[in-house]
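Residue-level listing of the chains:
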Amino acid sequence: MDFALSARAEDVCGRMWDFMREQVFPAEPVYDAWRAERGHDDHGHPPVLEELKVEARKRGLWNLFHHELGGMTNLEYASVAEIMGWSPVIAPEVTNCGAPDTGNMETLMLFGTPEQKQRWLDPLLEGEIRSGFAMTEPDVASSDARNIQTSIVRDGDEYVVNGRKWWITGTADERCQVFIVMGKTDPDGPPHRQQSMVLVPRNTPGFEIVRHLPVFGYQDQHGHSELRFTDVRVPVSNLLAAEGDGFMIAQARLGPGRIHHCMRAIGMAERALALMVERSKARVAFGRPLADQGTVREDIALSRIEIDQVRLYVLKTADLIDKYGAKGARTEISAIKVAAPRVALDVIDRAIQLHGGAGVSDDTPLAGFYAHARTLRIVDGPDAVHIRGVAKEELSRERPYTG
């Protein structure tokens, strides 16, 4: 394995770092002040984001997440995603590389019809609209897609959708104009052929936003929302791929996206470690700088070791996806989904501890980072599901020697 960056990737990473230092980091207090002035329950769109989008396009930092768009492999893009993770709220969005839009755009690229692509993919690629992915439900364990209860029933030339969804990211932002909705079209079919996905525009009659859900008290600007679908009718042409392909589409959608999530988590961990080091040098306790205290040095050293270990694991997984596709890296994808958020949480927690009260306040990004990293252990499947998959693979592995 050779994880050295190509000349192109080195160039993109360099330009991304310039963009972060010159534009994104200075925009963070502007973004926060705009939201604070209106209250965090307000889900309006901070104008500074549109200014940054223009700048990102000028710098050639737009739609880098997909090899056909940005010209980068998963391995190359991984390092770019890590840089974005240093400012996980702003950087992914202003480069049009944020979830859930990246996954939805890849889904439309893979399975959308020409008409679906023209109506929804093109404006998503231009950053004119946003989108949602409606899979998780409040009444069942949605990590097992076979449990999905939302019904999608054909009635002539239309599908009728009924059900409830929650934690649907992006809904609160009025720019979220379309949802990929997963439901059952054949509840009596084979377990992995019961589900289908349809496109539901936001303004469709019967679509209702019930509430916006906070995460550890934080209201995301885009929102994580509970939705209700009551006799929602969409044309049959809004079906993605074929009936019964929902489970397959969901699996195809999650592979590269987990690389993005994991590398952004590593970026958060790196920023937390940077803040930890800065704090340890600036603060004095018991007559010495914190940096001279043995326990603090241990925290810093362990954080470096753990970050570098998990980064190598994620890069290995990205390399496997490039070579063999998501199926060929199935076990590694599950493993990094567990490993990266846990490392990020440990590093962020140490940084919070070193900052004391400032660490749990909004004076630093650490509390927000912690909430975000903790949530990653649930989204796209909880840790227990991925550990189950890794264990299954390990139990079936042939050993060179078992004596």
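The preceding data block contains the structure.
Since we're looking at a predicted model, the values are computed, not measured.

1. Here's the deal with the overall build of the protein chain
Counting its regular elements, the protein chain contains twelve helices and nine strands. Taking 22 Å as the expected radius of gyration for a compact globule of 403 residues, we find that the protein chain reaches 22 Å, a close match to that expectation. By its C-alpha atoms, the protein chain is 80 × 65 × 45 Å across when sized along the principal axes. Out of the 403 residues in the protein chain, the part that is buried amounts to 53%. Within the structure as shown, the protein chain displays about 18500 Å² of accessible surface, and the carbon and sulfur contribution to it stands at 52%. The centroid of the 47 positive side-chain charges in the protein chain is displaced by 3 Å from the centroid of its 58 negative side-chain charges.

2. Things to note about the packing of aromatic side chains
Scanning the model with the defined rule gives four aromatic pairs in all. When the centroid spacing of 5.0 Å and the interplanar angle of 35° are considered together, the rings of F179 and F207 count as tilted. Taken together, the residues span a long stretch of sequence, with F179 in strand 4 (residues 176–184) and F207 in strand 6 (residues 207–212) at a distance of 28 residues. When the ring centre of W62 is taken as reference, the NZ or CZ atom of R57 above it lies at 4.2 Å.

3. Things to note about the side chain of R59
Counting through the fold element by element, R59 comes out in the loop between helix 2 (47–58) and helix 3 (67–70). Since its relative accessible area comes to 18%, R59 is described here as buried. A polar atom in the side chain of R59 sits 2.9 Å from the side chain of E55. Dropping the residues within four chain positions of it, R59 is found in contact with R15, D18, F19, E22 and Q23.

4. Focus on the nonpolar core
Counting 86 residues, the largest nonpolar core has M16, L64 and V80 as its most contacted members. When residues in this core are grouped by element, the largest group, 13 residues, is from helix 8 (residues 246–282). M16 has contacts with L61, L64, V80, I83, M84 and T95, leaving out every residue within four places of it along the chain. Residues I152, Y159, V198 and L227 belong to the second largest nonpolar core, which totals 17 residues.

5. Looking at the pattern of salt bridges
As enumerated under the stated definition, the model contains 35 salt bridges in all. Between R297 and D292 there is a salt bridge, and its shortest N-O distance comes to 3.6 Å. By relative accessible area, which is 52% here, R297 ends up exposed. Under the relative-accessibility criterion, D292 is labelled partly exposed at 36%. What you see here is one network of salt bridges that share partners, running through E50, K53, E93, D101, R130, D173 and R175.

Calculation criteria
Residue numbers here run from 1 along each chain, matching the order of that chain's written sequence. Reporting in this predicted model follows two pLDDT cut-offs: at least 70 for local features of residues, and 80 or more for side-chain atom pairs to be given and counted; totals over whole chains, interfaces and linings ignore these cut-offs and use all residues. Hydrogens and water molecules were not included; the side-chain quantities draw on all heavy atoms of the structure. Here a helix means four or more residues in a row that DSSP labels H or I, a strand means two or more in a row labelled E, and each is numbered from the N terminus. Only the C-alpha atoms count toward the radius of gyration. The rule for a globule is 2.2 Å times the residue count to the power 0.38. Exposure classes here rest on a 1.4 Å probe applied to the protein chains alone. A residue is buried below 20% of its type maximum, exposed above 50%, and partly exposed in between. In these tables, accessible area is a Shrake-Rupley quantity obtained with a 1.4 Å probe, and a residue counts as shielded only by the protein chains included in the view. The charged-residue count follows a simple rule in which Lys and Arg add positive charge and Asp and Glu add negative charge, with His and chain termini not counted at all. By convention, charge coordinates are those of NZ in Lys, CZ in Arg, CG in Asp, or CD in Glu. Any Phe, Tyr or Trp ring, taking Trp's six-membered ring, that has another such ring centre within 6.5 Å forms a pair; planes under 30 degrees apart are called stacked, those over 60 apart edge-to-face, and the others tilted. Remark: a charge is flagged as sitting over a ring if the NZ atom of Lys or the CZ atom of Arg is within 6 Å of the ring centre and within 35 degrees of the ring normal. The definition of a polar contact used here is a pair of N or O atoms within 3.5 Å, where within protein one atom must be able to donate a hydrogen and the other to accept one, and adjacent residues in sequence count solely through side-chain atom pairs. The criterion used for residue contact is that any of the two residues' heavy atoms lie within 4.5 Å. For our purposes a nonpolar core is just a set of buried Ala, Val, Leu, Ile, Met, Phe, Trp, Tyr and Cys residues, chained together by side-chain atoms within 4.5 Å. Salt bridges are counted wherever a side-chain nitrogen of Lys or Arg sits within 4 Å of a carboxyl oxygen of Asp or Glu.

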